Amino acid sequence: MPRGRYSLHDPHDHTPLGEERFQCAPGPSGWRYVSRLTAPDGSPTGSVDLALDALGRPIRLEAHAFEWQVKGAAIDGVTWVRTDPTGAHATEGNAPAHAFTGTSPAFLIATSRLLDLSPGAPATRVRLLALTDPVLAPRTLDQSWALLRSEAHPTDNGTLTVDTYQVTALDTGEQAEVHLAGDVVLAAPGIELEDLESPPSVFT
């Protein structure tokens with residue numbers, strides 16, 4: 001069960017945004033990721049609890065940010081309920097999307113699991129429901145994902161396979177590389193792995 005810590009920063013000007021302490025693990029029915037987020041001064045800012053089924057579909061998402069809350073799942077596309085800080089005005093939504101995304105590294109792992117790409121295969125287009133900072137505001141976006149290469153690296157704990165993806169935002173054409181090892185993000189725009197207490201889990 002990998003446990004560790006990511007540092008988060010603005011991908012454009014590198015302004016520190018805080019840290020995300022996480023643990024994740026595959027199970028008999030899929031994969032689960034839970035984390036706590038803190039600001040640069042250490043104050044709590046939110047949390048993520050994401051569960052996927054064996055096909056990589058989100059069967060449960062609960063995200064918190066500055067007292068805002070979103071609960072969602074893959075139902076008729078993706079369906080969610082968003083609650084304001086007072087709890088008085090919950091709003092429901094549904095979008096013809098495949099999964100959720102956001103600033104948490106969990107969503108990069110989830111999208112890679114959902115697409116299950118092969119190295120060198122043509123890029124795959126995916127529609128996602130993004131929960132945008134700082135209040136988890138929902139909006140749909142389209143991305144293109146391609147698995148550029150998978151490379152095996154020897155480590156003290158055995159061989160570690162690193163997958164390098166090219167992710168393209170189809171509305172702007174902006175491209176980025178995402179480096180994953182099992183269920184851990186090694187590096188991605190705005191994300192750096194700072195600490196890992198145990199090796200990544202290997203998906204079968």
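Residues numbered from 1 in each chain as written. Predicted model: local features only at pLDDT ≥ 70, side-chain atom pairs only at ≥ 80, totals over all residues. Heavy atoms only, no water.

Peer 1: What should I look at first to understand a negative patch on the surface in this one?
Peer 2: Taken together, the side chains of E192, E194, D195 and E197 make up a negatively charged region of the molecular surface. Relative to the elements of secondary structure, E192 occurs in strand β15 (residues 191-196). What makes E192 partly exposed here is its relative accessible area of 34%. (Patch = residues over 30% accessible without salt bridge, like charges linked within 9 Å, V, L, I, M, F, W, Y side chains within 5 Å. Areas by Shrake-Rupley, 256 points an atom, 1.4 Å probe, with all protein chains shown as cover. Salt bridge = Lys/Arg side-chain N within 4 Å of Asp/Glu carboxyl O. Lys, Arg positive; Asp, Glu negative; His and termini not counted. Charge placed at Lys NZ, Arg CZ, Asp CG, Glu CD. Helix = DSSP H or I, 4+ residues; strand = E, 2+ residues; numbered from the N terminus. Buried < 20%, exposed > 50% of the residue type's maximum accessible area, 1.4 Å probe, protein only.)

Peer 1: I would appreciate a short explanation of the pattern of salt bridges in the present structure.
Peer 2: Side chains that carry opposite charge are capable of pairing whenever their charged atoms lie near each other. The full count for this structure, using the stated rule, is eight salt bridges. Residue R32 is joined to D49 by a salt bridge in which the shortest nitrogen-to-oxygen separation is 2.6 Å. Linking R32 in strand β3 (residues 30-38) with D49 in strand β4 (residues 44-53), this pair joins segments that are 17 residues apart in sequence. The partly exposed category is assigned to R32, whose relative accessible area is 43%. Here D53 makes a salt bridge to R57, at a shortest N to O gap of 2.7 Å. The exposure class of D53 is buried, given its relative accessible area of 14%. Taken together, the shared-partner salt bridges connect R5, E19 and R21 into one network.

Peer 1: What is the right way to read unusual backbone geometry from this model?
Peer 2: Only a minority of non-glycine residues have a phi that is not negative, and only a minority of peptide bonds are not trans. The amide bond that connects D133 to the next residue, P134, takes the cis arrangement and shows omega of 0 degrees. Relative to the assigned elements, P134 resides in the loop between β10 (124-132) and β11 (137-155). Despite not being glycine, E67 shows a phi value in the positive range, around 75 degrees. Here E67 is to be found in the loop between β5 (58-65) and β6 (68-73). Judged by its relative accessible area of 62%, E67 is exposed.

Such coordinate-based values are descriptive only and should not be taken to indicate function.
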